[in-house]
Every structure is written in structure tokens, then in C-alpha cells.
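Okay, here's what each chain looks like letter by letter:
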Amino acid sequence: MNIDHLHEFAHLAETLNFRATAKHFFLSPSMLSKHIAIMEQELGCKLFIRDSHAVSLTEEGIAFKNDIDAIIGKYQSALTRVKVISEEKKRAVEVGYLRNASRPFLADFLRIMKETHPDIVVSLRCMEVGDALYALSTGTIDLHFGLNAMPFPDDLVSFKRVYDDKFFVVASCDHPLAAYDSIGSDQLEGNQVLLPDSECYNDMDQSICQMLPKGLSKEAYSRYRDVDTLFVRVEAADCVGFSSGHNYPIYGKRVKFISLSDCDTSYEVGAFTPKNRTVDGLPECLDVLDQCAALLEKRYAKYGPGSLERFTA
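All figures in this text were calculated on a predicted structure; none of them were measured in a lab.

Draft legend 1. Structural view of the overall build of the protein. Each helix and strand counted, the protein has eleven helices and twelve strands in total. The burial tally for the protein puts 47% of its 313 residues in the buried class. Of all intrachain contacts in the protein linking residues separated by at least 6 positions in sequence, the fraction that spans at least 24 positions is 75%. Summed over its atoms, the accessible surface of the protein is roughly 15800 Å², and 51% of this surface lies on carbon and sulfur atoms. A gap of 5 Å separates the mean positions of the 34 positive and 45 negative side-chain charges of the protein.

What follows is the structure, given as C-alpha cells:
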């Protein structure tokens, strides 16, 4: 199947607009329609439903769309890897990283890699939790920097710790809970609690639910799909939520971070690697991560394990 046609399908599946997609790829709408028809013929099914009012995906189209990003991403990764090896005679490692979680060590990682392993080219891709673990399992990325605060398939991936973190309750600065630095979980009763979407965050909500009072009604839950939405809603006093300590430097002046005193909210931030394939250059990356962990231990030495200030050090 033509990779250009796959790119066109992916764009059209998002826009559901033939004219806009054709313009994006410098095609005529009729040529785009021809390309989609070729794909449908190869697949043996219809991907889109078109009428005089709208364009929509068929069930087969939705299923195809769910996998197409990984296919295209893996193809682009393969092109990058081949180009690096062929033209620069270097090894390439594709790294997906969770934005704020990686912030304390990512710059150190890149600097040390460049100094000690100049023959390895590290390509970075900022990703959300669910997307990153899926990309790791499909080979789109080789290494993922994230957190082990959710279930993950330990038969498929390994985890290497870089630093410790914990969850905090977050509330608007004028919320009644903002008067406390530490609360018991029972003080969350009567509040609307914002939880991460299980699909986007790979069932991380299961870990957070263990910190909630047992009697909290399911009607008290609502969901978010990205961290910015979490903090916008908390700041608007719409609800309270849970946030990692590593988000404190970005959002700590806008909302109150509050410890939970009666349950363990700790977890680890580090690197996920695949068990089912060998990646050239990965052992060197993991050795550098050990150096990053040692640097963070030294940097955080004067702060307690639950201290937020260490993230601003």
C-alpha cells in the first residue's frame, strides 16, 4: 500500500473534509478520492461514507484509523534510522518522553550522551502515557521516559528507575482544602474529583482510586485527557485532582499542592525498554540514565523525599 496514500487517509480521517485534505497535500479533490478508492479496493471495504452533507468513517475506517498512526510513525522512524546509519554512519535511538516527568533529567541525558557516545543519535518525541507505551510495543520508539504509576505489561517491557516522585492532591488557591499542607483522604469526601482518562493514561486512574475514600460516589468522578485540562479545571475551582510533584514548577503558583497523610502516593520515574527486541545503542542509553540518577540524587540530597522544592532546585 502506498505510504503517501496512508498519510492522506490519516489526515482525512481527522478532518473529514476532502477539500481541506486535498489542499493540504496539493492534490485535486478528485485525485484524493481516487487514492482513497484504491485503498478501499486493496482493503476490500469502504473506509468513508460520503453524502451531500458530510463525510464520516465506516466501522472499518475507524478500526483502520486506530492503527494507522503507529504504522506511519514506525515507517518514519525506519526512514530516520536508515538515513542516520547510511549518511552519518551513526546509530539511532528513538526516545519518547513524558513532558514534565522527564524535565529533571532530560537535558543531562542528552548532554552526557553527546559527550560520551557521539556515535549515537538520539531522536526525541514528546508523548502522552498511553501513546508512548503503545509506540514502544509496536517499535515506533525504542525507549520511553515516563512513570510506573500505572499497570504495564512487565512481560513485554522493563523499567529502570531514575528518580522518586509522588502524587499530591491539587486544589484551587481559594478552595477550603488549600488551607492545609497535608490532609487525610477522608477530607476529599464531598468534592468533585478529576481522574485521568484510562485510555490516555493507561489505567493510571486505578492507582489513584486506591487513594480515595472508599465511600466516594462514582458520580463524584470526572475525567481529563491531558494535564493542561486538569490544571485549568482545578484552577477554575471546578474540582480537585491529583498531580505528580514534577508538575510543581509549572503549576505550583496557580494551584495548591497538598500531601495525603494516610496513604502511600509514591512511585518512580524512569525508562521503559522493550523485552521482545534488541535495540543497538540502548545499553549505552541505560548507562547514561544511571549517571542522570546519580546527578539527581546529589541535586536532591538536601531535600526530603516528599519535598516539592527539589523540583525547582
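Following the structure, the description resumes.
Draft legend 2. View of helix α11 (residues 282-299). With 18 residues, α11 ought to run about 26 Å at 1.5 Å a step, and its terminal C-alpha atoms sit 26 Å apart, in line with that. Taken together, the buried positions of α11 are occupied by L282, E284, C285, V288, L289, C292, A293 and L296. Buried residues along α11 sit against β3 (91-97), α6 (106-116), β4 (120-126), β5 (143-147), β6 (157-172) and β12 (266-274).

Draft legend 3. Quick look at the environment of A313. Relative to the helices and strands, A313 is located in the segment after α11. Sequence-wise, A313 and R103 are 210 residues apart; in three dimensions their C-alpha atoms are separated by 12 Å. Not counting the four nearest positions on each side in its chain, A313 is found in contact with R299 and Y303.

Draft legend 4. Just the packing of helix α1 (residues 3-15) against helix α3 (residues 29-43), in detail. Axis separation between α1 and α3 bottoms out at 10 Å; the angle between their running directions is 105°. Between α1 and α3, the interaxial angle falls into the category roughly perpendicular. Residue-level contacts link H5, L6, E8, F9 and L12 of α1 to L32, H35, I36, I38 and M39 of α3.

Draft legend 5. Seen up close, unusual backbone geometry. Phi is positive for L16, which is not a glycine, with a value near 50°. Take L16: it is sitting in the loop between α1 and α2 (18-24). For L16, a relative accessible area of 33% corresponds to the partly exposed category.

Draft legend 6. Structural view of the packing of aromatic side chains. For the structure on display, the rule yields 15 aromatic pairs. The interplanar angle of 90° and the centroid separation of 5.3 Å between the aromatic rings of Y248 and F257 together place this pair among those described as edge-to-face. Owing to a relative accessible area of 24%, Y248 belongs among the partly exposed residues under this scheme. Ring pairs connect the aromatic residues F105, F109, F145, Y163, Y300 and F311, which therefore count as one cluster. Lying across the ring of F18, R50 places its NZ or CZ 3.7 Å from the centre. Note that K166 overlies the ring of F168, its terminal NZ or CZ placed 5.2 Å from the centroid.

Draft legend 7. Seen up close, the environment of N148. Within the secondary structure layout, N148 lies in the loop between β5 and β6. Taking the relative accessible area as the measure of exposure, N148 reaches 22% and is therefore partly exposed. Considered as a pair, N148 and F109 are 39 residues apart in the sequence and their alpha carbons are 19 Å apart. Dropping the residues within four chain positions of it, N148 is found in contact with F159, Y267, E268 and F272. Within polar-contact distance, the side chain of N148 engages the backbone nitrogen of E268 at 2.8 Å.

Draft legend 8. Spotlight on the pairing of β12. Counting buried positions along β12 gives seven out of nine residues, so the element sits mostly inside the fold. Pairing analysis gives four bridges linking β5 to β12, with the strands arranged antiparallel. Residue pairing in the sheet places G146 in a bridge with G270 of β12. Note that β6 and β12 share nine bridges and pair antiparallel. When the sheet's bridge partners are listed, V157 is paired in β12 with P274.

Draft legend 9. Structural view of the pattern of salt bridges. The tally for this structure, following the rule as stated, stands at 18 salt bridges. For R299, the salt bridge identified is with D108, shortest N-O distance 2.9 Å. One end of the pair, R299, is in helix α11; the other, D108, is in helix α6, with 191 residues separating them in the sequence. Looking at D108, the relative accessible area reads 13%, which means it is buried. Where R254 meets E235, a salt bridge forms, and the shortest distance between an N and an O atom there is 3.0 Å. A residue pair is termed long-range when its members are at least 10 positions apart, and R254 in the loop between α10 (248-251) and β11 (255-260) and E235 in helix α9 (residues 227-235) qualify at 19 residues. Take R254: its relative accessible area is 35%, and that puts it in the partly exposed class. Among the ionic contacts, a cluster of salt bridges with common partners joins R91, D119, D280 and E284.

Criteria and thresholds
Residues numbered from 1 in each chain as written. Predicted model: local features only at pLDDT ≥ 70, side-chain atom pairs only at ≥ 80, totals over all residues. Heavy atoms only, no water. Helix = DSSP H or I, 4+ residues; strand = E, 2+ residues; numbered from the N terminus. Buried < 20%, exposed > 50% of the residue type's maximum accessible area, 1.4 Å probe, protein only. Contact = heavy atoms within 4.5 Å. Areas by Shrake-Rupley, 256 points an atom, 1.4 Å probe, with all protein chains shown as cover. Lys, Arg positive; Asp, Glu negative; His and termini not counted. Charge placed at Lys NZ, Arg CZ, Asp CG, Glu CD. Expected span 1.5 Å × (residues − 1). Axes fitted to C-alpha atoms, helices over the stretch in contact; angles between N-to-C directions. Parallel < 35°, antiparallel > 145°, perpendicular 65-115°, else oblique. Phe/Tyr/Trp six-rings, centres within 6.5 Å; stacked < 30°, edge-to-face > 60°. Lys NZ or Arg CZ within 6 Å of the ring centre and 35° of its normal. Polar contact = N/O pair within 3.5 Å; in protein donor to acceptor, adjacent residues only side chain to side chain. Pairing = 2+ DSSP bridges. Salt bridge = Lys/Arg side-chain N within 4 Å of Asp/Glu carboxyl O.

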